[in-house]
Each structure stands twice: as C-alpha cells, then as structure tokens.
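Residue strings, one per chain:
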Amino acid sequence: MIQYKIEFLSEWHIGSGLGAGAAADATVLLDTNKMPYIPGKTIKGLLKDTMKDIEEVQPNQISADDIKALFGLESNSRGVAIFSDCTL
C-alpha cells in the first residue's frame, strides 16, 4: 500500500455531476461526515491519463501494456492498481 497526500495550491472543486442544469452543477461531493472528498476513481483516471502522456513522450519509460496491467483496459475492467477515496 502506498499512502499519498494531495495538496491544492489554489481553489478546487470536485463536482458530483448531480446538479439541476449548468448553474447547479456546482454541487460538491461530500462524504458521510459532510466533508468534501476526491473519489478514488477520479484519482485513478487522472494518474492513468498522466501515464499515457508519459508513454507518448517517453515510450521507453512505460508501455501501453504496463498501463493496461496497472489500470485495466477501460472503466469496465480492473488492473492491479486500486485507489481508495481521498478524504480530509
């Protein structure tokens, strides 16, 4: 297990996507304690996208097969990397 810390250097917002139209899409995701959090799925997606970018620039550092093994093929399959929610 790897523990990590996320530090925001400016304002941030993780929306729920459950708003009622464009003006109400600012509904923030809250955990059971009414605190904002970042879903593990979001963190996994951001890291996967970053690794794909690295593969394009430096293919000798990581391969598409490595990325598939870590993260799975698409959202319907799991790789070996599992991310829990990031909470305060």
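Residues numbered from 1 in each chain as written. Predicted model: local features only at pLDDT ≥ 70, side-chain atom pairs only at ≥ 80, totals over all residues. Heavy atoms only, no water.

Peer 1: Any chance you could break down the confidence of the model for the protein for me, citing the residues and the numbers?
Peer 2: Scored by pLDDT, the protein has a mean of 83; 83% of the residues are at 70 or more. Least confident of the elements in the protein is strand E2 (residues 86-87), whose mean pLDDT is 88; most confident is helix H1 (residues 40-57), at 91. (pLDDT = per-residue confidence, 0-100. Helix = DSSP H or I, 4+ residues; strand = E, 2+ residues; numbered from the N terminus.)

Peer 1: Quick one: what's the story with the nonpolar core, residue by residue and with numbers?
Peer 2: Grouped together as the largest cluster of nonpolar side chains are six residues: Ile 14, Leu 29, Tyr 37, Ile 38, Ile 43 and Cys 86. Those residues in contact with Ile 43 that lie beyond four places of it in its chain are Tyr 4, Ile 6, Ile 38, Phe 83, Ser 84 and Cys 86. If you look at the next biggest cluster of nonpolar residues, it comprises five residues, including Met 51, Ile 62, Ile 67 and Phe 71. (Core = buried A, V, L, I, M, F, W, Y, C linked by side-chain atoms within 4.5 Å. Buried < 20%, exposed > 50% of the residue type's maximum accessible area, 1.4 Å probe, protein only. Contact = heavy atoms within 4.5 Å.)

Peer 1: Tell me what's going on with the packing of H1 against helix H2 (residues 64-71), and back it up with residues and numbers.
Peer 2: With their axes 10 Å apart at the nearest point, H1 and H2 run at an angle of 170° to one another. Put simply, H1 runs roughly antiparallel to H2. Residues Lys 44, Leu 47, Lys 48, Met 51, Lys 52 and Glu 55 of H1 pack against Ala 64, Ile 67, Leu 70 and Phe 71 of H2. Residue composition of the contact of H1 with H2, by class: six nonpolar, no polar and four charged. (Axes fitted to C-alpha atoms, helices over the stretch in contact; angles between N-to-C directions. Parallel < 35°, antiparallel > 145°, perpendicular 65-115°, else oblique. Nonpolar A, V, L, I, M, F, W, Y, C, P; charged D, E, K, R; others polar.)

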